[in-house]
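Residues per chain are reported as follows:
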Amino acid sequence: MNRLGLKIDVYENDVRLGELDVVPTTAFQNFRFPNNEICIHHRTVRSERCPPLSILQTISSFAVRCKLDSSLPVEQPHLINLHAACFHEMRTAVGMVGDEEIHLVAMPSKRKKFPCFWCYAVPMGLYDACMGMLNLRCLAIVFDLDETLIVANTMKSFEDRIEALRAWVAREIDPLRLQGMSAELKRYIEDRMLLKQFAESDCVVDNGKLYKVQMEEVPRLSDSHEKVLRPIVRLQERNIVLTRINPEIRDTSVLVRLRPAWEDLRCYLTAKGRKRFEVYVCTMAERDYALEMWRLLDPEAHLIGSKQIRDRVVCVKSGSRKSLLNVFQHGMCHPKMAMVIDDRSKVWEDKDQPRVHVVPAFTPYYAPQAETANAVPVLCVARNVACNVRGCFF
């Protein structure tokens, strides 16, 4: 590693702390500080568990930008105090270069009383967010919705599916396949009848019991949004919920089947009031639909708070690929600290696919027995995978 004779002045609160030599790294030979100076904007809060170097090695997209040390023959007490405070209190000193934070990490020096710093660059706010998660031993988990956690149908989608199945049944000659198709058709017809009752009369009859709609208040996304009351019927024992995306338009009525064992996974994520994961949603569905589906899955907003929901439910255009960088675009987390639960990995960017735990698609009409065929339900397997990922990470 060669020295280029570059020196920078270090300031904090408009006070000059001293002068340091810039030692470029191989990957960033041309890195420069504007005006050959760095102004310490602030010092990070004390890390309770993770050394700053470990945090930055996890979240920085690149290696060390440069190293700073002193070649002056005299001591520089202000810099020595900055180095000692950061080193012993597990803090970093933060300067700004463009839209990035430059974190000065205090490192052990071969020469006592001659400070040494390593410099890392990260997007604004990312260090604080990730440090908070790591101190709590918390990672991020990103859920897909359709065919991963739920299956939802409108009257139109029911009718289209029933029409297609009837055509296949009419052509099928294999007795076993015919039996399977007929059973699937019957399940679709039964659920369509429930949805028809809900859409037309705001009540359903299931197994001889009448269920009337309950009006549930939808958390407002902001103070400027009006309060929304949505008609809901919950058939808890069957993991079915009937809802209306637009409460004023009956044609937006939807029958939703929740995947078995979702409650087990949900409880694990917030067990004993301690968050093991910060939760996000990434889906190709329309936004109003996605927000309502998530509300049905997390009705008490324990996984995603009402103030976080706008940023944490991310909708991607159909046909586009999902990306963890897009999910965390507001600097809330780093992809290296995340895992994904989805029924398809190919919908994710190539670099994110290793972080995707693929679950079998949820098919309650085609193969309802698939969820109970194994001793451990699909979402309990996902829970165990999440537990192992977290255990290995920490």
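The structure reproduced in this document is the subject of the present report. (Residues numbered from 1 in each chain as written. Predicted model: local features only at pLDDT ≥ 70, side-chain atom pairs only at ≥ 80, totals over all residues. Heavy atoms only, no water.)

## Observations concerning the side chain of threonine 44
Test applied: By definition, any uninterrupted DSSP run of H or I lasting at least four residues is a helix, any uninterrupted run of E lasting at least two residues is a strand, and each is numbered from the N terminus. To sort residues, take the accessible area from a 1.4 Å probe on protein chains only and compare it with the maximum for the residue type: under 20% means buried, over 50% means exposed, and anything in between is partly exposed. Nitrogen and oxygen atoms within 3.5 Å of one another constitute a polar contact, given that in protein one can donate a hydrogen and the other can accept it, and given that sequence-neighbouring residues count only through two side-chain atoms. The contact criterion used is simple: two residues touch if any of their non-hydrogen atoms lie within 4.5 Å.
Assignment of secondary structure puts threonine 44 in the loop between strand 3 (37-43) and helix 1 (52-59). Classification of threonine 44 by relative accessible area gives buried; the value is 1%. Only 2.8 Å separates the side chain of threonine 44 from the backbone nitrogen of threonine 92, close enough to count as a polar contact. Here threonine 44 is in contact with Arg91, Thr92, Val94, His103, Tyr127 and Asp128, once residues within four sequence places are set aside.

## Here's the deal with the packing of helix 6 (residues 262-269) against helix 11 (residues 378-393)
Note the threshold: Every axis corresponds to a line fitted to the C-alpha atoms, with the helix fit spanning only the stretch in contact, and the corresponding angles, defined between N-to-C directions, vary from 0 to 180 degrees. Note on angle classes: values under 35 degrees are labelled roughly parallel, values over 145 roughly antiparallel, values of 65 to 115 roughly perpendicular, and the remainder oblique. Helix crossings fall into two classes, left-handed where the near helix is turned counterclockwise from the far one by less than a right angle and right-handed where it is turned clockwise. Any residue outside Ala, Val, Leu, Ile, Met, Phe, Trp, Tyr, Cys, Pro, Asp, Glu, Lys and Arg is labelled polar, Gly included; the first ten of those are nonpolar and the last four are charged.
It is at 8 Å that the axes of helix 6 and helix 11 come closest, and there the two elements cross at 20°. In terms of axis orientation, helix 6 runs roughly parallel to helix 11. Between helix 6 and helix 11 the crossing geometry is right-handed. Side by side, helix 6 and helix 11 meet where Trp262, Asp264, Leu265 and Tyr268 of the first sit next to Leu379, Cys380, Arg383, Ala386, Cys387 and Arg390 of the second. A breakdown of the residues in the contact of helix 6 with helix 11 according to their chemical character gives seven nonpolar, no polar and three charged.

## Some points on the sheet that holds strand 9 (residues 150-153)
Under the convention used in this document: Only strands that DSSP links by at least two bridges are regarded as paired with each other.
Here we have five strands laid out as an open sheet, ordered 9-15-14-13-12, and antiparallel in their pairing. Either end of the sheet is taken by a strand with one partner, and the two such strands are strand 9 and strand 12 (214-218). Averaged over all pairs of adjacent strands, the angle between strand axes in this sheet comes to 30°, irrespective of strand direction. Across four bridges, the pairing between strand 9 and strand 15 (residues 253-258) is antiparallel. Residue pairing in the sheet places valine 151 in a bridge with arginine 257 of strand 15. Against the sheet, helix 7 (residues 287-297) contacts strand 9, strand 12, strand 13 (228-235), strand 14 (240-244) and strand 15, and its axis sits at roughly 50° relative to strand 13.

## Considerations on the layout of surface pockets
Selection rule: Both cavities and pockets are sets of points on a 1 Å grid over the protein atoms alone; in a cavity a 1.4 Å probe fits but cannot get out, in a pocket the set is open with protein on both sides within 12 Å along at least five of seven lines, and lining residues sit with an atom within 4 Å of a point. Grid points are joined across faces, edges and corners, and a volume is the space filled by probe spheres set on the points.
Taken as a whole, the largest pocket encloses approximately 490 Å³ of empty space. As for the largest pocket, its lining consists of 23 residues, of which Val218, Pro219, Leu221, Arg230 and Leu291 are closest to the centre. Those elements that provide at least two residues to the lining of the largest pocket are strand 13 and helix 7. The leading source of residues in the lining of the largest pocket is helix 7, at five residues. Residue composition of the lining of the largest pocket, by class: twelve nonpolar, four polar and seven charged.

## So, the sheet that holds strand 3
Reading around the circumference, 1-2-4-7-6-5-3 is the order of the seven strands in this closed barrel, with mixed pairing throughout. On average, each strand axis in the sheet is inclined to that of its neighbour by 40°, with strand direction left out of account. Bridge count for strand 6 (residues 100-107) against strand 7 (residues 116-123) is eight bridges, and the pairing is antiparallel. Its bridge partner lying in strand 7, alanine 106 is registered against phenylalanine 117. Across the sheet, helix 1 is in contact with strand 6 and strand 7; its angle to strand 7 comes to roughly 40°.

## Comments concerning the nonpolar core
Test applied: Among buried residues, the Ala, Val, Leu, Ile, Met, Phe, Trp, Tyr and Cys ones that are joined through side-chain atoms within 4.5 Å form a nonpolar core.
Of all hydrophobic cores here, the largest spans 74 residues; its most connected members are Phe143 and Trp294. Look past the residues within four positions of tryptophan 294 in its chain and what remains in contact with it is Phe143, Leu145, Leu149, Trp262, Val279, Val281, Leu303, Ile304 and Ile309.

## Details of helix 6
Definition in use: What the arc covers is the set of directions going from the helix axis to the C-beta atoms.
Burial in helix 6 covers these residues: Trp262, Leu265, Arg266, Tyr268 and Leu269. Within helix 6, the buried residues cover an arc of 160° as seen down the axis, which keeps them to one side. On its buried face, helix 6 sits against strand 8 (139-143), strand 16 (277-283), helix 7 and helix 11.

## Let's talk about the side chain of histidine 103
You can see histidine 103 is positioned in strand 6. Since its relative accessible area comes to 0%, histidine 103 is described here as buried. Of note is the side chain of histidine 103, whose polar atom sits 2.8 Å from the side chain of threonine 92. Separated by 2.8 Å, the side chains of histidine 103 and glutamate 101 make a polar contact. For histidine 103, the contacting residues outside a window of four places in its chain are Thr44, Leu56, Thr92, Ala93, Val94, Trp118, Cys119, Tyr120, Val122 and Tyr127.

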